[in-house]
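Examining the three-dimensional arrangement
In case you want the letters, here they are:
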Amino acid sequence: MKPPAPAHACAIVLVLLPLLAVLQTTCAQKNAIDIYSLTVDSRVSSRFAHTVITSRVVNRADSMQEATFQMELPKKAFITNFSMIIDGVMYPGNIKQKDAAQKQYSAAVARGESAGLVKATGRKMEQFQVSVSVAPSAKVTFELVYEELLKRRLGVYELLLKVQPRQLVKHLQMDIHIFEPQGISFLETESTFMTNELADALTISQNQTKAHIRFKPTLSQQQKSAEQQDTVVDGNLIIRYDVNRTLSGGSIQIENGYFVHYFAPEGLSMIPKNVIFVIDTSGSMMGKKIRQTREALIKILEDLRPEDHFNLISFSREATQWKPSLVPASTQNVEEAKKYANSIKAQGGTNINDAMLMAVQLLDTATREEQLPSGSVSLFLLLTDGDPTVGETNPTKIQKNVQEAIGGQYSLFCLGFGFDVSYAFLEKLALDNGGLARRIYEDSDSALQLQDFYQEVANPLLTAVTFEYPSNAVEEVTQDNFRLFFKGSEMVVAGKLRAQSPEVLSAIVSGQLPMENITFQMESQVAKQEEEFQKPKYIFHGFMERLWAYLTIHQLLERMVSASDADKQALETQALGLSLNYSFVTPLTSMVVTKPEGQEQSQVAEKPMENVKTAGVNFSKAGVSLYARVHDLPSKTVGTPGLNAPVLYRYTSRKLDPDLRIPSRKASSSSGGPTILDDYLDETMEETSPTAPPPAPIQAPTVILPLPGQSTDQLCVDIKRTPGPLLLLLSDPDQGLEVTGEYKMEKAQFSWIEVTFKNPQLQVHVSPEHVVVTRGRRSSEYKWKETLFVVMPGLTMTMDKAGLLLLSSPDKVTIGLLSWDGLGEGLRLLLRDTDRFSSHVDGILGRFYQGVLWGPPDTTDDSKRTLRARGFDFDATRELKLDYQEGTPGTEISCWSVAL
């Protein structure tokens, strides 16, 4: 990027994620480059999303400015068009074969131009950017178009839009149109920037087959306050939906001479599975990775069904199997396996070859000796974070060994933990054996990523699924046979109709159940289908042909991974031809962006590959290194032996990653003063004289309950003893609501609180670290004090910057959850609209909302009374407590205090 004029340093960045648009502006001079319009138009026609992002800017400075247009796209999406309009002249992007584009890029570099070949991958995105110089008062329009087939995952399709203008935009608008002929079964929206004040800018309209979501905030709605000109619009807008389904052959849809067949029948029973977990426990898994693996493995084991069989193999230099054979997933076996999983430690090298061959031998023996249920599905889940370093280390040889051993009998799913792993090696290993590979990103939610991936493959419904169409009716059909069909997924087959195709397109889908074969037959009226897709004006017409090309290219690229050298060239030629014909930026093509004369003449955008290693810091190894360095230093003992009064230190320290395992500085010593193991990182210490301890401050109670039938008085409840750590706090079957928690007496706080709703089926699990929301088999993690606004049928979930999470519904009690960091810190529960509790409310807190009787004040002290609830008497005392309900730091309130 060329530096702009020093007096008006400014840059514009537009970032795009999966159906996601981000506009960022950073300027030394406010609004030197003004974004006066930003629009996102996404049209989802039968799962195929066509998204157009248009940004219009003007240079209001009196000197030349440089605008950088940076895009982050979903990994499965293809850019189809990009253009700039500068002073009325269009500068389009041209898609070419990668080699030709590379030559043009190299020529620009040779001329001394800083043309940007941008290749970067992230967790969900790929990057491409274009920069252009903007003259004073000149206007520039950027327009990007990309397309993607939305994949059904764990029962939903998801569109994610992210908006970050970083300045107020006069015309900011997002429109998402969804058309699903099968009918929309549910629709929900989630936002990380929406507030109650901004909620009116989001409108949702829906009928049986169509939905329109619009976000159009006014300037005043975007503004943080009357005094602040900054925008509050900063974060994600997510739309999730699914369509109606029955136990049938699916839905065949036809448009403009092409057809697409969606298959995801409801009502099928789960097939018993035999699964072997092959877990890397080498030294590079040390620290957070192995802890998260243990956590995920324990949760996964809990999800096994009694009819399933399983075993575990851990490997480093050598492979070790938990049991000599696969065992049924009985309660006893699962509990024993969880203890084993909890004990695994990380050390040594990485022997993938021996571990996988041991796993295959276990399944071969069990199959041969008929130990497994008839018709069951057998699969492996391999988790590793590195390249093979022990035993057979040649990746090609390992792939050959594993493929020959499996012999097409079982499926292998590979999980690559972090960026040190050779993803290309794992991808081929999985695809060679009827599975797929997935990268697990090192983050706070890595355990959830592992669990979610397992959920995708944990419930097989059909095996050996094939699609058949009349050969005289269709041609150039995409993949039409699949090894496994899993609950929550969807199979998609597309193709062309022949010129003389019949009026009715028929299809037969066959598959295998545990004890029988099953066949689905269906027909689709060609003329009727064609007419259905011609009516809606808001769909992207001609989309089905592009959907067919998109799907074909992706499948050709996938087949290239496992193909021989001879076949690979033919597949590449076919995929390249489709990429150029339909103007898709794929791994085989690049987009060349031209610019006005006198500026950098060209920039080239490529689609990066997932299997390319990304340079970065291995945080787990860095942590081990820092830990060793810290503890090589001498520790400091505070307190001087032989003196009557120890010297105390007051110090401040920046927070370090707890995964570095630096011992607490609050540990006490037997010499009379605290012992500090000092890491010598920017510490400041000062001596002080010992002082008398201050009086105990007023703290927040465990729970504050609004009293039934009263608007101002409240009941402050403290938990002093419990029958066990697990508590049923609230239960109301009429409300479809249950609140449980784990309370640690030694810490006098909740380890976690969990709220479960029956309708919609939703579970919210909060801990001091994070919030985990589970809907069906999908789990999402959120951090405290991140803005959240979720609207789903029957429930609204919001969280503000103070960290107050509210779960509300027009006819339900409002449940609030808070990570309180004031005095008496810990998780807190809030209740609102408690008059909506039914007469069946129960639980250690729920009992205070049914038939509560108050005794008269004590004759000697009117601040004491007796409270009777569900036949139990409680002593209630009028006391001052800290009210946490409005957030930190809290205010003092007088309430009736009860100890449980």
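Residues numbered from 1 in each chain as written. Predicted model: local features only at pLDDT ≥ 70, side-chain atom pairs only at ≥ 80, totals over all residues. Heavy atoms only, no water.

Broken down by element type, the protein chain carries 12 helices and 54 strands. Every one of the 900 residues in the protein chain was classed for burial, and the buried ones make up 55%. Contacts spanning at least 24 positions in sequence make up 67% of the contacts within the protein chain whose residues lie at least 6 apart. Of the accessible surface of the protein chain, which amounts to about 39900 Å², a share of 49% is contributed by carbon and sulfur atoms. (Helix = DSSP H or I, 4+ residues; strand = E, 2+ residues; numbered from the N terminus. Buried < 20%, exposed > 50% of the residue type's maximum accessible area, 1.4 Å probe, protein only. Contact = heavy atoms within 4.5 Å. Areas by Shrake-Rupley, 256 points an atom, 1.4 Å probe, with all protein chains shown as cover.)

Right, let's get into the nonpolar core. Core analysis: the largest hydrophobic core is formed by 61 residues, its most contacted members being Val 764, Ile 815 and Leu 817. Every residue in contact with Ile 815, bar those within four places of it in the chain, is listed here: Leu 730, Leu 737, Val 739, Val 755, Leu 805, Leu 806, Leu 807, Leu 829, Leu 830 and Leu 831. Tyr 91, Tyr 146, Tyr 157 and Phe 215 belong to the second largest nonpolar core, which has 56 residues in total. (Core = buried A, V, L, I, M, F, W, Y, C linked by side-chain atoms within 4.5 Å.)

A separate point is unusual backbone geometry. For the peptide bond that leads from Asn 759 to Pro 760, omega is 0 degrees, which places it in the cis range. One can find Pro 760 in the loop between β42 (749-757) and β43 (762-766). Even without glycine at this site, Asp 87 takes up a positive phi of about 50 degrees. Relative to the helices and strands, Asp 87 is located in the loop between β6 (78-86) and β7 (89-97). Phi at Ala 748 takes a positive value of approximately 55 degrees, unusual for a residue other than glycine.

Another aspect to go through is the state of the cysteines. What is meant by a disulfide is a covalent connection between two cysteines, made through their sulfur atoms. For the structure on display, the rule yields 1 disulfide. Across a sulfur-sulfur distance of 2.0 Å, Cys 716 and Cys 895 are joined as a disulfide pair. Between Cys 716 and Cys 895 the disulfide shows an S-S torsion of about -115 degrees. By sign, it is left-handed. Taken as a pair, Cys 716 in strand β39 (residues 714-718) and Cys 895 in strand β54 (residues 891-899) lie far apart in primary sequence, 179 residues in all. (Disulfide = S-S within 2.5 Å.)

Quick look at the environment of Gln 102 now. Residue position: Gln 102 is located in helix α1 (residues 98-110). Here Gln 102 falls in the partly exposed class, since its relative accessible area comes to 28%. In sequence terms Gln 102 and Thr 589 are 487 residues apart; their C-alpha atoms lie 9.7 Å from each other.

The subject of this paragraph is the sheet that holds strand β41 (residues 737-744). The strands that make up a sheet are held in pairs by hydrogen bonds between backbone atoms, and each pair lies either parallel or antiparallel. Pairing is antiparallel across the open sheet formed by 6 strands, whose spatial order is β40-β41-β42-β43-β44-β45. Each having just a single partner strand, β40 (726-732) and β45 (778-782) make up the two edges of the open sheet. Strand-to-strand twist of the sheet, defined as the mean angle between neighbouring strand axes without regard to direction, takes the value 15 degrees. The pairing of strand β44 (residues 771-775) with β45 spans 5 bridges and is classified as antiparallel. By the bridge assignment, Arg 775 is partnered in β45 with Arg 778. Across the sheet, helix α8 (residues 446-457) is in contact with β44 and β45; its angle to β45 comes to roughly 170 degrees. (Pairing = 2+ DSSP bridges. Axes fitted to C-alpha atoms, helices over the stretch in contact; angles between N-to-C directions.)

Keep in mind these values describe shape, not function.
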